[in-house]
Amino acid sequence: MFALPDLPYAYGALEPVISERTLRLHHDKHHGAYVNALNTLLEPTGDSSTALEDVILEASRATDRKLFNNAAQALNHSFFWIAMSAGRELPSGTLAVAIDAAFGGLAGLKTAFIAEGAAHFGSGWVWLAADQIGGLRVLATHDANDTLSHAGLTPLLVCDLWEHAYYLDHQNDRKGYLDAWFDVLPSWEFASAQYAAAEGRSAPWRHPAPTPAPLQHKAA
Ligand code: MN
């Protein structure tokens, strides 16, 4: 079974862009519910060792939408938390060079990222991702869809576009949320590590592995 990963910072650490109240609800209730539903769906299969990435790809192949949605949302949220930082960072190294090449600099990337996220209709996610030759692109995915189905793409950053991510703090102003988010919350250190993986210099982030389900003690 999969555990709900702890946040890598305190609940209040992302204020004022993401309030403590939002983060408690978002992590404990929304993300927690996806993880619980995922575990319930996997229970009858008796499978307690398949990596979450493989659960998602197999559910996608089998067009098992319920399993796919909960598994992908479990992964997307874990990635979202770890790709944010409580302290403001800036891109560096080869990633900074790639941002200059693709967007003319960080301001150009910010404009593209906000435009993609603000224009996205309905729920979903906006990503910064790298292809296998180090090129960068911004893309949005609908609902639970992630970047696993895009062969050769490595995600570097993501921002949650579901209303539960921003409505308490920014109400209907998704663009304002994205603007504030982009300036202070991306973990460029994490993005750089992912970029190194896209370039084949290291391994990409993987979701924490499942642990064996506790033994069921049945009455004799
Ligand atoms: Mn969410």
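Residues numbered from 1 in each chain as written. Predicted model: local features only at pLDDT ≥ 70, side-chain atom pairs only at ≥ 80, totals over all residues. Heavy atoms only, no water.

Brief notes about the sheet that holds strand S2 (residues 136–142)
Strand pairing in a sheet relies on backbone hydrogen bonds. The paired strands run either parallel or antiparallel.
Next up, step 1: Taken in spatial order, the 3 strands of this open sheet run S2-S1-S3, and their pairing is antiparallel. Looking along the sheet, the strands with just one partner apiece sit at the ends: S2 and strand S3 (154–160). Put simply, the sheet's adjacent strands are angled 25° from each other on average, direction ignored.
Next up, step 2: Where strand S1 (residues 124–130) meets S3, 6 bridges bridge the pair, whose relative direction is antiparallel. (Pairing = 2+ DSSP bridges. Helix = DSSP H or I, 4+ residues; strand = E, 2+ residues; numbered from the N terminus. Axes fitted to C-alpha atoms, helices over the stretch in contact; angles between N-to-C directions.)

Overview of helix H2 (residues 52–61)
Next up, step 1: Restricting attention to buried positions, one finds in H2 the residues Leu52, Glu53, Val55, Ile56 and Ala59. Summarising the axial view, the buried residues of H2 lie within an arc of 160°, below the 170-degree limit, and thus occupy one face.
Next up, step 2: For H2, the secondary structure elements touched by its buried residues are helix H1 (20–42) and helix H3 (65–82).
Next up, step 3: In the segment just after H2, Thr63 is the residue with positive phi, at about 45°. (Buried < 20%, exposed > 50% of the residue type's maximum accessible area, 1.4 Å probe, protein only. Arc of directions from axis to C-beta. Contact = heavy atoms within 4.5 Å.)

Considerations on helix H5 (residues 106–119)
Next up, step 1: For H5, which comprises 14 residues, the first-to-last C-alpha distance of 20 Å matches the rise-based estimate of 20 Å (1.5 Å per residue) to within 8%.
Next up, step 2: Where H5 is concerned, the buried positions are Leu109, Lys110, Phe113, Ile114 and Gly117. For H5, the buried positions fall inside an angular range of 125° around the axis, keeping them on one side. Residues of H5 that are exposed and angled more than 90 degrees away from the buried face: Ala107, Thr111 and Ala119.
Next up, step 3: The inward-facing, buried residues of H5 abut helix H4 (93–103), S1, S2, S3, helix H7 (174–184) and helix H8 (188–198). (Expected span 1.5 Å × (residues − 1).)

Section: the coordination of the manganese ion
Next up, step 1: Taken together, His26 (NE2), His77 (NE2), Asp160 (OD) and His164 (NE2) make up the protein donors of the manganese ion, found 2.0 to 2.1 Å from the metal.
Next up, step 2: Read from N- to C-terminus, the donor residues coordinating the manganese ion fall into the pattern H-x50-H-x82-D-x3-H. In this pair, His26 sits in helix H1 while His164 sits in helix H6 (residues 163–170), placing the two residues 138 residues apart along the sequence. For the pair formed by His26 and His164, the shared burial category is buried. (Donors = N, O, S within 2.8 Å, 3.2 Å for Na, K, Ca; no water.)

Brief notes about the packing of aromatic side chains
A ring pair, where both rings are aromatic, is described by two values, the distance of the centres and the angle of the planes.
Next up, step 1: Applying the stated rule across the entire model yields 11 aromatic pairs.
Next up, step 2: Between Tyr166 and Tyr177, the ring centres sit 4.9 Å apart and the planes meet at 25°, which makes this aromatic pair stacked. In this pair, Tyr166 is assigned in helix H6 and Tyr177 in helix H7, connecting sequence segments 11 residues apart. Considered together, Tyr166 and Tyr177 belong to a single accessibility category, that of buried residues.
Next up, step 3: The positively charged end of Arg24 is found above the aromatic ring belonging to Tyr11, 4.0 Å away from the centroid. (Phe/Tyr/Trp six-rings, centres within 6.5 Å; stacked < 30°, edge-to-face > 60°. Lys NZ or Arg CZ within 6 Å of the ring centre and 35° of its normal.)

Side note on the pattern of salt bridges
Next up, step 1: Using the criterion set out here, one finds 5 salt bridges in the structure.
Next up, step 2: The salt bridge partner of Asp179 is Lys110, with a shortest N-O separation of 2.6 Å. Placement of Asp179 in helix H7 and of Lys110 in helix H5 is noted, with a sequence separation of 69 residues between them.
Next up, step 3: A relative accessible area of 32% places Asp179 in the partly exposed class.
Next up, step 4: Overlapping salt bridges bring together Lys110, Asp179 and Asp183 as one network. (Salt bridge = Lys/Arg side-chain N within 4 Å of Asp/Glu carboxyl O.)

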